[in-house]
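The lines below spell out each chain.
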Amino acid sequence: MFKRILVATDGSTLSKKAVASAIALAAQNDADLVALNVVPRYPRSYFEGAMTFSAEDIGRIEAQWAEKAREMLDAVSARAKASGVRVKTATVNSDLVAEAIIAAAKKHKSDLIVMASHGRKGIKRLLLGSETQHVLAHSALPVLVLR
């Protein structure tokens, strides 16, 4: 049914469940898996909501985030390979998480996007937003959401 499944992960406990489900689904369908992590860029000015740091400090922080993403995706890759699933990993630097997920799914010619949702409701959802909701609303691909 599915030939290429993209799973978006941020390393959280909830997204690890999405990864496990995506690996199982890929194994059942003999599908390729693309594991994606979206790394935000560090705010560069006070007006973007952060204290100002030197370009060197910002570079170091962003390098740490990239290393953490690589380690996380390496772990996903190892799990997928242990299950006999062909896997590719991708890291995207973007502040627009939902858009980056949709663009990566298109780029990798995915048939399905798998991701987690915290299931926030009411005022928390309004204030915190929902990347998952944005992907659901704007993706032309099917999206499997796990809670």
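Residues numbered from 1 in each chain as written. Predicted model: local features only at pLDDT ≥ 70, side-chain atom pairs only at ≥ 80, totals over all residues. Heavy atoms only, no water.

**Student:** Got a minute to help me understand the pattern of salt bridges in this structure?
**Tutor:** Where side chains of opposite charge bring their charged atoms close, a pairing between them can arise. Applying the stated criterion across every chain, the model contains seven salt bridges. Of the charged contacts, one joins Arg4 and Asp32 as a salt bridge, the two residues approaching to 3.4 Å between their closest N and O atoms. On the criterion of sequence distance, the pair formed by Arg4 in strand E1 (residues 4-8) and Asp32 in strand E2 (residues 32-39) is long-range, its members being 28 residues apart. Of the residues examined, Arg4 reaches a relative accessible area of 27% and is grouped as partly exposed. (Salt bridge = Lys/Arg side-chain N within 4 Å of Asp/Glu carboxyl O. Helix = DSSP H or I, 4+ residues; strand = E, 2+ residues; numbered from the N terminus. Buried < 20%, exposed > 50% of the residue type's maximum accessible area, 1.4 Å probe, protein only.)

**Student:** Could you clarify how one ought to interpret the environment of Ala66 in this entry?
**Tutor:** One can find Ala66 in helix H2 (residues 55-82). By relative accessible area, Ala66 is classed as partly exposed at 38%. In this structure, the C-alpha to C-alpha distance between Ala66 and Val92, residues 26 residues apart in sequence, is 9.4 Å.

**Student:** What exactly am I supposed to notice about the nonpolar core here?
**Tutor:** Within soluble globular proteins, side chains that are nonpolar tend to cluster in buried spots. Within the largest apolar cluster, 21 residues are counted, with the highest numbers of intra-cluster contacts made by Ile5, Val7, Leu33 and Val114. Counting only elements with at least two residues in this core, the list comes to E1, helix H1 (13-29), E2, H2 and strand E4 (112-116). When residues of this core are assigned to their parent elements, the largest contribution, seven residues, is made by H1. Setting aside residues no more than four positions away along its own chain, Val7 makes contact with Ala18, Val19, Ala22, Leu33, Val34, Ala35, Leu36 and Val114. Grouped together as the second largest cluster of nonpolar side chains are 16 residues, Val34, Ala90, Ala104 and Ile113 included. (Core = buried A, V, L, I, M, F, W, Y, C linked by side-chain atoms within 4.5 Å. Contact = heavy atoms within 4.5 Å.)

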